[in-house]
Amino acid sequence: MSLTMIKAPWKDYYLVKELLVALIVVLLTIVLFVLWKKSRKTNRDVLITGLCDSGKTALFSHLLYNKPIQSFTSQVENTGEFKSKKNLLRIVDIPGHERVFTKYWDAYKMNCKGVMFVVDSETVQTDICDVAELLYRILTDATIQSNKSKILILCNKQDKMMAKGSEVIKTLLEKELDTLRLTKSNQLESIDGKKNKTLLGKKKKCFEFSHCQMAVEFAEVITSSPDIILEPIKDWLENIQ
């Protein structure tokens, strides 16, 4: 009697099933990668923020149109294209007034690649609480942290006699932010008994900008005199990734 080898049909079934699962996994990986690349490309907004009268709109005008404009308190955003050798960016000047800041900040932060935070170097010591409050809000924004948006703190009006240099401003802000983060954490804990989940800096250490999740740089600029200095901004925009 001769024996005939019969291949079990269930083996073919499981083999086909495994191949289909592997194919689906590969296709999903490709789709997710394409979507991720697409989302990275859409993050091309650079937001100009800061208190009113810090020089944001003057910076926007000189940077994009190479000309000054009459200073006024903006109530709506200004947008324009900045083309460098490596990037085509959309620059958005966010109004600094508290009543309208939130509206435009929330509208543009999703695609934020970088933030230029403008500080009036002449009045920073007087306005340090308000400056730090706004900067704290930006640095602890979940979307900004998720995007790993780069931060450039611009110490503007360096031509003024009483202007503080970038190192002095950095020290002032670090000290004020260190106090502010403790205050914010205690306020939240007193309300719901929970610690603030958004951490700025490192636990049990005095705050330093080097501790931030995103890259934070400082630069000294002038936007309101014949001797305009914008080179640090252009260099930063050229290399932003």
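Refer to the structure presented above.
A. Structural detail: the packing of aromatic side chains. The final tally for this structure, using the stated rule, is four aromatic pairs. Seen in terms of ring centroids, phenylalanine 60 and tyrosine 65 are 6.0 Å apart; in terms of plane orientation they differ by 70 degrees. Their pairing is edge-to-face. Residue phenylalanine 60 is classed as buried on the basis of its relative accessible area of 5%. Aromatic side chains phenylalanine 101 and tryptophan 105 sit 5.7 Å apart centroid to centroid with 15 degrees between the ring planes, which places their arrangement in the stacked category.

B. Broad picture of the side chain of aspartate 120. Among the secondary structure elements, aspartate 120 is positioned in strand S4 (residues 112-120). Only 3.0 Å separates the side chain of aspartate 120 from the side chain of lysine 157, close enough to count as a polar contact. Setting aside anything within four residues of it in sequence, one finds aspartate 120 in contact with Asp53, Ser54, Asn156 and Lys157.

C. Examining empty space enclosed by the protein more closely. Counted under the stated rule, the structure contains one cavity of 30 Å³ or more. Counted as a void, the largest cavity has a volume near 40 Å³. Forming the walls of the largest cavity are Leu139, Gln145, Leu199, Leu200, Gly201, His211, Cys212, Gln213 and Met214. Among the residues forming the lining of the largest cavity, the class breakdown is five nonpolar, four polar and no charged.

D. Geometry of helix H3 (residues 98-108). All of the buried residues in H3 are Val100, Phe101, Tyr104, Trp105 and Tyr108. Viewed end-on, H3 has its buried residues packed into an arc of 135 degrees, placing them on one side of the element. Opposite the buried face of H3, by more than 90 degrees, sit the exposed residues Arg99, Lys103 and Ala107. Buried residues along H3 sit in contact with strand S1 (45-50), strand S2 (78-83), strand S3 (88-93), S4, helix H4 (128-139) and helix H5 (142-147).

E. Representation of the pattern of salt bridges in the model. Scanning the model with the defined rule gives seven salt bridges in all. For aspartate 106, the salt bridge identified is with lysine 109, shortest N-O distance 3.5 Å. Overall, the relative accessible area of 39% leaves aspartate 106 in the partly exposed class. One salt bridge in this structure joins lysine 184 and glutamate 133, with 2.6 Å as the shortest N-O distance. Note that lysine 184 is positioned in helix H6 (residues 166-192) and glutamate 133 in helix H4, a separation of 51 residues in sequence. Here the salt bridges share partners, and the residues they tie into one network are Asp106, Lys109 and Asp141.

F. Spotlight on the nonpolar core. Membership of the largest hydrophobic core comes to 35 residues, with the highest contact counts inside it found for Leu139, Ile151, Ile153, Leu173, Leu177 and Phe209. Put simply, the parts of the chain that give this core at least two residues each are H3, S4, H4, strand S5 (150-156) and H6. Setting aside residues up to four positions removed in sequence, leucine 177 forms contacts with Ala132, Leu135, Tyr136, Leu139, Leu200, Phe207 and Phe209. The next biggest cluster of nonpolar side chains, apart from the first, holds 20 residues, and it includes Val46, Leu89, Ile91 and Val118.

G. Representation of the pairing of S3. Sheet analysis places S1 next to S3, joined by four bridges and oriented parallel. Within S3, the position partnered with valine 46 by the bridge is isoleucine 91. The sheet contact formed by S2 and S3 spans six bridges and is antiparallel. From the neighbouring strand, glutamate 81 faces S3, where its bridge partner is arginine 90.

Analysis parameters
Residues numbered from 1 in each chain as written. Predicted model: local features only at pLDDT ≥ 70, side-chain atom pairs only at ≥ 80, totals over all residues. Heavy atoms only, no water. Phe/Tyr/Trp six-rings, centres within 6.5 Å; stacked < 30°, edge-to-face > 60°. Buried < 20%, exposed > 50% of the residue type's maximum accessible area, 1.4 Å probe, protein only. Helix = DSSP H or I, 4+ residues; strand = E, 2+ residues; numbered from the N terminus. Polar contact = N/O pair within 3.5 Å; in protein donor to acceptor, adjacent residues only side chain to side chain. Contact = heavy atoms within 4.5 Å. 1 Å grid on protein atoms, 1.4 Å probe; cavity = no way out; pocket = protein on both sides within 12 Å on 5 of 7 lines; lining within 4 Å. Points joined across faces, edges and corners; volume = space filled by probe spheres on them. Nonpolar A, V, L, I, M, F, W, Y, C, P; charged D, E, K, R; others polar. Arc of directions from axis to C-beta. Salt bridge = Lys/Arg side-chain N within 4 Å of Asp/Glu carboxyl O. Core = buried A, V, L, I, M, F, W, Y, C linked by side-chain atoms within 4.5 Å. Pairing = 2+ DSSP bridges.

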